[in-house]
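Topology and contacts: notes
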Amino acid sequence: MNAGTQASIGVAIAGIGFGEAVHLPALRATNTLEPVCLWHPIKERLIDPCQKYNLPGENDWQKLLANSKVEAIVLATPPAPRFELAKKALEAGKHLLLEKPVALNFNQVIELQKIALAKGLSVAVDFEYRAVPLFMQAKRMLDQGAVGEPWLVKLDWLMSSRANPDRPWNWYSQRDQGGGVLGALGTHAFDLLHWLFGPTIQVGSHCSTSIKMRKDPNDGIPKKVTSEDLVLAQLMIAGTHQNAEIPAQVTLSAVTRQGRGFWLEIYGSDGTLLLGSNNQKDYVHGFSLLHSNPGEPLISISPDSDLAFSRTWSDGRIAPVRRLQDWWGESIQSGIPMIPGLVEGAASQKVCDQILESAASGQKIFLR
């Protein structure tokens with residue numbers, strides 16, 4: 001049992017992959033949560049991880065939900081089954097931590113939100129960049145007026161994870177299965193913009209697929225890729241500074257060889273703030289935050305001491321996920337709504353949906 005003033009909350013992890021690599025070590029380090037079971041629909045996939053971590057395994061979802069030791073579930077499956085699994089879990093009274101995209105469309109997220117509210121359950125969404133010290137520092141500085149009135153926001157997220165045409169066809173290649181760069185990167189990107197500045201009120205976009213065919217690993221036959229690997233989006237954000245609207249340019253790519261990674265540029269009336277990293281292997285380690293006042297050079301900023309991690313791992317993803325899990329545990333125990341949760345997940349998913357609509361129609365979409 002983890003240290004703390006209350007009994008630990010029993011948590012099952014659904015999904016072997018990110019769940020095992022990141023969520024499990026993070027859970028073991030939290031103050032309020034305790035891993036009690038692993039779930040995967042294929043029983044054989046559970047043998048090795050259950051033996052390795054000395055945890056029971058389950059491949060029947062209804063039996064998992066009937067397990068009284070399981071009070072909460074980390075749902076880290078591929079996107080397509082996530083909605084139905086989450087819906088059944090909420091109906092069974094389980095708190096949830098959902099990977100993103102939360103569901104396949106905005107309406108599904110709203111349905112989950114209604115059930116969670118009716119049941120009084122805490123649902124977290126793994127927007128873990130909100131828990132990274134330099135991102136939190138950027139948020140603090142913006143709130144303190146570090147750039148004055150934001151005039152322009154530019155976010156480039158240029159990765160190469162799908163640039164190899166020999167990568168096999170799978171769910172990521174299929175838009176109707178939740179695949180594509182919007183679900184992988186866009187959900188994070190739009191949540192960050194909403195958190196830092198305010199809600200999106202207008203969208204114009206272009207989506208494309210650079211690698212149009214990939215081989216099915218089962219038979220070697222090339223199959224069509226229907227998910228996007230490149231998104232160009234122009235957003236208008238309802239900023240809070242003197243009710244000013246903020247133009248934001250967002251470029252997302254999973255096929256940029258030697259891409260420069262994540263870079264957020266914020267230009268305002270009283271300064272400039274840059275946050276970014278060229279590290280494509282670890283999306284937490286390697287970030288830098290730079291700030292300048294008018295007429296002065298950029299200087300490097302370190303996070304305030306109260307924002308620093310108490311512990312880090314070689315895999316940079318674990319520390320922010322652990323911090324977000326701690327927030328979730330506190331939300332479960334206190335009954336205070338979780339942030340980021342389904343409200344934030346719905347807002348991000350709505351922008352993703354509208355980007356696809358804008359790209360298909362060639363028209364700007366107004367969200368208010």
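A brief structural summary. Given the structure is predicted, the values throughout are model-derived calculations rather than measurements.

**Considerations on the pattern of salt bridges**
Counting across every chain of the model gives twelve salt bridges. Taking the shortest distance from any N to any O, the salt bridge between Lys223 and Asp216 comes out at 2.8 Å. Look at Asp216 and you get buried, because its relative accessible area is 5%. Beyond isolated ion pairs, a larger network of salt bridges with shared partners links Lys154, Asp156, Arg260 and Glu265.

**Re the sheet that holds strand S3 (residues 57-58)**
The sheet built from six strands is open, its strands ordered S3-S2-S1-S4-S5-S6 with parallel pairing. This sheet does not close on itself; its edge strands, each paired only once, are S3 and strand S6 (123-125). With four bridges connecting them, strand S4 (residues 72-75) and strand S5 (residues 95-98) associate as parallel partners. The partner of Ile73 across the bridge, within S5, is Leu96. With respect to the sheet, helix H1 (residues 18-28) is in contact with strand S1 (9-14), strand S2 (33-39), S4 and S5, its orientation differing from that of S1 by roughly 170 degrees. The strands touched by helix H8 (residues 318-334) are S1, S2, S4, S5 and S6; relative to S5, the strand with the most contacts, the crossing angle is about 160 degrees.

**Here we look at the packing of aromatic side chains**
Two measures describe an aromatic ring pair: the distance that separates the ring centres and the angle between the ring planes. Applying the stated criterion across every chain, the model contains nine aromatic pairs. Seen from their ring centres, Tyr129 and Phe135 are 5.1 Å apart, and the 50 degrees between their planes marks the pair as tilted. Of the two residues examined, Tyr129 and Phe135, each falls in the buried class. With centroids separated by 5.0 Å and ring planes inclined at 70 degrees, the aromatic side chains of Phe135 and Phe287 adopt a geometry described as edge-to-face. Taken as a pair, Phe135 in helix H6 (residues 133-143) and Phe287 in the loop between strand S14 (271-277) and strand S15 (288-292) lie far apart in primary sequence, 152 residues in all. Taken as a pair, Phe135 and Phe287 share a single burial class, namely buried. Directly above the aromatic system of Trp169 lies the positively charged group of Lys223, at a separation of 4.5 Å from the ring centroid. Cation over ring: Lys350 sits above Phe106, and NZ or CZ is 5.4 Å from the ring centre.

**Some points on the side chain of Arg323**
Mapping Arg323 onto the fold places it in helix H8. Of the side chains with opposite charge, Asp326 comes closest to the buried, unpaired Arg323, at an N-O distance of 7.2 Å. Within polar-contact distance, the side chain of Arg323 engages the backbone oxygen of Ala131 at 3.1 Å. When residues no more than four places from it in sequence are discounted, the contact partners of Arg323 are Ala131, Pro133, Met136, Leu307, Ala308 and Phe309.

**Topic: the pairing of strand S12 (residues 245-253)**
By the bridge criterion, six bridges tie strand S7 (residues 150-158) to S12 in an arrangement that is parallel. Bridge pairing in S12 links Val153 to Ala248. Sheet topology note: the strand S11 (residues 230-238)/S12 ladder contains nine bridges and is antiparallel. Each bridged residue has a counterpart across the sheet, and for Leu232 the counterpart in S12 is Thr251.

**Overview of unusual backbone geometry**
Pro101 follows Lys100 through a cis peptide bond whose omega is 0 degrees. Relative to the helices and strands, Pro101 resides in the loop between S5 and helix H5 (106-119). A cis amide bond links Ile339 with the next residue in sequence, Pro340, at an omega value of 5 degrees. With respect to the helices and strands, Pro340 occurs in the loop between H8 and helix H9 (342-361). The backbone of Asn54 shows a phi angle near 55 degrees, a positive value even though the residue is not glycine. Along the chain, Asn54 turns up in the loop between helix H2 (47-53) and S3. Look at Gln258: it is not a glycine, yet its phi comes out positive at around 60 degrees. Looking at the element boundaries, Gln258 is found in the loop between S12 and strand S13 (261-268). The exposure class of Gln258 is exposed, given its relative accessible area of 78%.

Definitions and limits used
- Each chain carries its own residue numbering, running from 1 in the direction its sequence is written.
- Where totals are concerned, whole chains, interfaces and linings use all residues; where local detail is concerned, this predicted model gives features only for residues with pLDDT of at least 70, and gives and counts side-chain atom pairs only at 80 or more.
- To get the side-chain values, take all heavy atoms of the structure and skip hydrogens and water.
- What makes a salt bridge here is a side-chain nitrogen of Lys or Arg within 4 Å of a carboxyl oxygen of Asp or Glu, nothing more.
- Burial classification: accessible surface area is computed with a 1.4 Å probe over protein chains only, and a residue below 20% of its type maximum counts as buried, one above 50% as exposed, and the rest as partly exposed.
- Note on pairing: two strands pair once DSSP finds at least 2 bridges between them.
- Numbering of helices and strands starts at the N terminus; helices are DSSP runs of H or I of at least 4 residues and strands are runs of E of at least 2.
- Pairs of residues are marked as contacts when any of their non-hydrogen atoms sit within 4.5 Å.
- Between N-to-C directions, angles span 0 to 180 degrees; the directions come from axes that are lines fitted to C-alpha atoms, helices contributing only their stretch in contact.
- Each Phe, Tyr or Trp ring (for Trp, its six-membered ring) is paired with any other whose centre lies within 6.5 Å, and the angle between the two planes then decides the class: stacked below 30 degrees, edge-to-face above 60, tilted in between.
- Either the NZ atom of lysine or the CZ atom of arginine qualifies as a charge over a ring when it sits within 6 Å of the ring centre and within 35 degrees of the ring normal.
- In this tally Asp and Glu are treated as negative and Lys and Arg as positive; neither His nor the chain ends contributes.
- By the criterion applied in these results, polar contacts are pairs of N or O atoms within 3.5 Å in which, for protein atoms, one can donate a hydrogen and the other can accept it, and in which residues neighboring in sequence qualify only through two side-chain atoms.

Geometric descriptors of this kind do not, in isolation, establish any biological role.
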